[in-house]
Amino acid sequence: QVQLVESGGGLVQPGGSLGLSCAASGGTSSSYCMGWFRQAPGKEREFVAAISRLGLRIYYADSVKGRFTISRDNAKNTVYLQMASLKPEDTAVYYCAADPRSSMVQITAGSYDVWGQGTQVTVSS
C-alpha cells in the first residue's frame, strides 16, 4: 500500500508563493492518478488539482486555475503543487491523495483511496 507524505506548507503573505510536495513510498507513483485537495475550518474538503499517471492530463478547480500548478516526477515518486498569487481564502490544510483504480483523472474525493496527513497553508498578512 502506498503511503503519502506532504511537505512545504507554512505561512505566506497575500500575493506570495508557496510550493507543496507529496512523496509516495511503498508503491510506484506512476501507477496512480494523484490529486490535491484542501479543507478549511468549518468547510468541506474540496478539490484543488489532479494529474494523470503520466502527467498528460491535468485538472484544476476554477478557484485556483491560473494561480496553481500541479506536476509530478515519477522518477522521484513525488507530486508537486506550486501556488502563486495566494489569497487569504486559500488558507486550509492541503492533502495529497492517490487513486489507484481510475483510468480517468477524478476530481471527487471519494475516488481517492490513499491520503496524506495534510500540511497547513496559511495566507495572512
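One can find the structure itself at the top, above this paragraph.
Residues numbered from 1 in each chain as written. Predicted model: local features only at pLDDT ≥ 70, side-chain atom pairs only at ≥ 80, totals over all residues. Heavy atoms only, no water.

**So, the nonpolar core**
(1) Moving on: Residues Leu4, Trp36, Leu81, Met83 and Tyr94 are the most contacted members of the largest nonpolar core, which totals 36 residues.
(2) Moving on: Listing elements by their share of this core, those giving two or more residues are strand E3 (18-25), strand E4 (33-39), strand E5 (46-51), strand E7 (68-73), strand E8 (78-83), strand E9 (92-99) and strand E11 (119-123).
(3) Moving on: With sequence-adjacent residues up to four places away left out, Met83 is seen in contact with Gly16, Ser17, Leu18, Leu20, Arg67, Phe68, Tyr94 and Val121. (Core = buried A, V, L, I, M, F, W, Y, C linked by side-chain atoms within 4.5 Å. Buried < 20%, exposed > 50% of the residue type's maximum accessible area, 1.4 Å probe, protein only. Helix = DSSP H or I, 4+ residues; strand = E, 2+ residues; numbered from the N terminus. Contact = heavy atoms within 4.5 Å.)

**Observations regarding the state of the cysteines**
What makes a disulfide is a covalent bond joining the sulfur atoms belonging to two cysteines.
(1) Moving on: Across all of its chains, the model carries 1 disulfide by this definition.
(2) Moving on: In this model Cys22 forms its disulfide with Cys96; the gap between the sulfur atoms is 2.0 Å. Here Cys22 and Cys96 share a disulfide; its torsion about the S-S bond, 55°, makes the bridge right-handed. With Cys22 in strand E3 and Cys96 in strand E9, the pair connects residues that are 74 residues apart, well separated along the chain. Exposure class is identical for Cys22 and Cys96. Each is buried.
(3) Moving on: Cysteine Cys33 shares no disulfide, and the gap to the nearest cysteine sulfur, in Cys22, comes to 14 Å. (Disulfide = S-S within 2.5 Å.)

**Focus: the environment of Lys76**
(1) Moving on: When you line up the elements, Lys76 lands in the loop between E7 and E8.
(2) Moving on: For Lys76 and Ala98, which are 22 residues apart along the polypeptide, the C-alpha to C-alpha distance reads 15 Å.

**Quick word on the pattern of salt bridges**
If the charged atoms of two oppositely charged side chains come close together, the side chains can form a pair.
(1) Moving on: Under the defined criterion, the tally for this structure stands at 5 salt bridges.
(2) Moving on: Across the salt bridge formed by Arg101 and Asp113, the nearest N and O atoms sit 2.9 Å from each other. Residue Arg101 is located in the loop between E9 and strand E10 (114-115), and its partner Asp113 is located in the loop between E9 and E10; the two are separated by 12 residues in the primary sequence.
(3) Moving on: By sharing partners, the salt bridges in this structure join Arg38, Glu46, Arg67 and Asp90 into a single network. (Salt bridge = Lys/Arg side-chain N within 4 Å of Asp/Glu carboxyl O.)

**Observations regarding the pairing of E3**
(1) Moving on: Only one face of E3 is buried: it carries Leu18, Leu20, Cys22 and Ala24, and the other face, with Gly19, Ser21, Ala23 and Ser25, is open.
(2) Moving on: Bridging between strand E1 (residues 3-7) and E3 involves 5 bridges; their strand directions are antiparallel. Residue pairing for E3: Leu4 is matched across the bridge by Ala24.
(3) Moving on: By the bridge criterion, 6 bridges tie E3 to E8 in an arrangement that is antiparallel. From the neighbouring strand, Gly19 faces E8, where its bridge partner is Gln82. (Pairing = 2+ DSSP bridges.)

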